[in-house]
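# Fold and contact review
Below are the chains, spelled out letter by letter.
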Amino acid sequence: MLQQIRKLFEQIGNSADVETRNEKDVRMISAALLVEVATVDQKLDQRERDTLTHLLCQHYALDVHSAAEIIDEAIDQREHATSLFEFTQAVNDQFTEQDKYLLVRQMWQIAFSDDVIEAFEEHLIRRVSELIYLPHGLFTRARAEARDLKDN
């Protein structure tokens, strides 16, 4: 009987660890793709970094310091990533359609933050949208909403 109770507590503890780990993974996946948009032109503009920090703080209820750590880790991961596929596959495994839509909208917000939509940025966002199977209507809606948020 004691062994069964001990197993139950271990399972509860393990499931909490998995949930925490999954939340960290989701934040890192999002940050990595957002960093990719911000750095696709080989520079990280301060406005892009500020927008990136704001989005992570807002979406994941982080403080600025935690968001900055995630951004730095995402930049490091970007340098070691072999392709977009590893990130987009994780998005497909862990994100709902609403989460995917919000991710693409955030990508557009990063792109709009420096007032210049580079061809590389647009191509990257379009490619990610295709790889995560976001319907085209949601892709265009995300872009329009991001543009409206920039104007406000």
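Calculation rules
Residues numbered from 1 in each chain as written. Predicted model: local features only at pLDDT ≥ 70, side-chain atom pairs only at ≥ 80, totals over all residues. Heavy atoms only, no water. Helix = DSSP H or I, 4+ residues; strand = E, 2+ residues; numbered from the N terminus. Expected span 1.5 Å × (residues − 1). Buried < 20%, exposed > 50% of the residue type's maximum accessible area, 1.4 Å probe, protein only. Arc of directions from axis to C-beta. Phe/Tyr/Trp six-rings, centres within 6.5 Å; stacked < 30°, edge-to-face > 60°. Lys NZ or Arg CZ within 6 Å of the ring centre and 35° of its normal.

The next point concerns helix α6 (residues 119-131). Between its first and last C-alpha, α6 extends 18 Å over 13 residues, near the 18 Å set by a 1.5 Å rise per residue. When α6 is considered as a whole, its buried residues turn out to be Glu121, Leu124, Ile125, Val128 and Ser129. Take α6 and look down its axis: the buried residues cluster within an arc of 135°, on one side only. Turned more than 90 degrees from where α6 packs its buried face, Ala119, Phe120 and His123 sit exposed. Note on α6: the residue one or two positions beyond its end, Tyr133, has a positive phi of about 60°.

For the rest of this paragraph, the subject is the packing of aromatic side chains. Applying the stated criterion across every chain yields a total of 2 aromatic pairs. Ring centres of Trp108 and Phe112 lie 5.9 Å apart, and the angle between their planes is 35°; this geometry places the pair in the tilted category. With Trp108 and Phe112 both in helix α5 (residues 97-112), this residue pair falls 4 residues apart, about one helical turn. For the pair formed by Trp108 and Phe112, the shared burial category is buried. A network of ring pairs unites the aromatic residues Trp108, Phe112 and Phe139 as a single cluster. The lysine or arginine in question, Arg141, covers the ring of Tyr101, its NZ or CZ lying 4.8 Å from the ring centre.

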